[in-house]
Amino acid sequence: MKRDSVSSMNLTRRDLFRSAGILSGSAFLSAAVPDWAFAFAQGDQLAQMRAGMGATPITSQSLGANITMLAGPGGNVVVQRGTDGKVVIDTFVQPAWNALKAELDKMGNERIATVIDTHWHFDHADNNESFRKAGAAIVAHDNTKKRLTESHELLGAKFPPAPAAALPTQTFAATHKLDANGEQIVLTYIPPAHTDTDISIKFQKANVLHLGDTYFNGMYPFIDVSTGGNINGMITGATASMKLADASTKIVPGHGPLGDLAALTRYRDVLVTVRDRVAKLKKSGQTLQQVVAAAPTKDLDETWGKGFMSPADFLAIVYNTV
Ligand SMILES: [Zn+2]
């Protein structure tokens, strides 16, 4: 397939994740990998993903007196503000920088003090450099800094190492506490789940918990096997995060609408159900193709299989990491 026909394809995000699911799968599915997936891996897929996501308008939702969730051009962003400045979780994609900065300015004239990266993926950490130029410190897990300094192939795109100016300025291994605007913010490492760089961020007083991409609200999650992600880690991580919440905690997913403990519990239970069904079939000797053909999650797919991940792609990731 020629590059010009590739670039003329109008890909949705779901298509991108579908290709990623195939690419992250094993040789079992190699016959099913379309040639455009490989063409994209050689092309400017990253620029296309940035442009596509970056064009999404930003929506805003209050989570409390001085805390706001922004959604749209990338993973969900949370902003807390006050006399100590703004604390921003995640950064959207680069083309959304001006729109994001305008939203932040609209909230008030406090400086941007701190940015927290939930994990290394570009739809969350892509504007680190712009935030650093705006004077912010960037806090993240040790592995986020490490992963950002590497090259990666993900979602059919090539990611070169991030420039030094885009790296976190402060990293931690297990937990990190931050006092800002009369609030204690607790950052906790989640052992390999969606990636090996994931953290949760809890605003103790506001009772807001951001779980990054360890939580896709109401849909099967994407799991980045190439940087340590796996289904069992997703389940362990979700179960640990449930213990950080009560019935009134506002739980921010990496993607999808604002959630709560009941929604997070449903999500964790679905992950367990899919894992258990796939593990049983794999143990009985079924190939991935046989598992996909058997449609073991038919009853769940109508609700959970209409987001980023098709049922077949999610089954592939679960099969390959269980
Ligand atoms: Zn991610």
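That block above? That's the structure.
Residues numbered from 1 in each chain as written. Predicted model: local features only at pLDDT ≥ 70, side-chain atom pairs only at ≥ 80, totals over all residues. Heavy atoms only, no water.

J.: How would you summarise the pattern of salt bridges if you had to cite specific residues and measurements?
T.: One pass over the structure, following the stated rule, counts 13 salt bridges. One salt bridge in this structure joins Glu150 and Lys146, with 3.7 Å as the shortest N-O distance. Between Asp196 and Arg147 there is a salt bridge whose closest N-O contact spans 2.6 Å. Residue Asp196 is found in the loop between strand E11 (183-189) and strand E12 (199-203), and its partner Arg147 is found in helix H8 (residues 142-148); the two are separated by 49 residues along the sequence. (Salt bridge = Lys/Arg side-chain N within 4 Å of Asp/Glu carboxyl O. Helix = DSSP H or I, 4+ residues; strand = E, 2+ residues; numbered from the N terminus.)

J.: Just give me the short version of the coordination of the zinc ion, but keep the residues and values in it.
T.: The coordination sphere of the zinc ion contains the protein donors His119 (NE2), His121 (ND1), His194 (NE2) and Asp213 (OD), at a distance range of 2.1 to 2.2 Å. Around the zinc ion, the 4 donor atoms are arranged such that angles at the metal cover 89 to 166°; this shape is classified as irregular. The motif formed by the donor residues of the zinc ion, counted along the single chain, is H-x1-H-x72-H-x18-D. Highlighted residues: His119 in the loop between strand E5 (112-116) and helix H6 (122-125) and His194 in the loop between E11 and E12, separated in sequence by 75 residues. (Donors = N, O, S within 2.8 Å, 3.2 Å for Na, K, Ca; no water. Tetrahedral: all angles 85-135°; square planar, octahedral: opposite > 155°, others 65-115°.)

J.: If you had to explain the packing of aromatic side chains to someone new, which residues and values would you point to?
T.: For the structure shown, the criterion picks out 6 aromatic pairs. Relative to Phe308, the ring of Phe216 has its centre 5.5 Å away and its plane inclined at 85°; by these criteria the two rings are edge-to-face. With Phe216 in the loop between strand E13 (208-210) and helix H9 (231-242) and Phe308 in the loop between helix H12 (298-304) and helix H13 (311-321), this pair connects stretches of sequence that are 92 residues apart. Accessibility classification places Phe216 together with Phe308 in one group, the buried group. Put simply, the rings of Trp120, Phe122 and Phe159 pair up and form one aromatic cluster. Here the basic side chain of Lys282 rests over the ring of Tyr319, its NZ or CZ set 4.8 Å away from the ring centre. (Phe/Tyr/Trp six-rings, centres within 6.5 Å; stacked < 30°, edge-to-face > 60°. Buried < 20%, exposed > 50% of the residue type's maximum accessible area, 1.4 Å probe, protein only. Lys NZ or Arg CZ within 6 Å of the ring centre and 35° of its normal.)

Remember that the coordinates give geometry; whether it matters functionally is a separate question.
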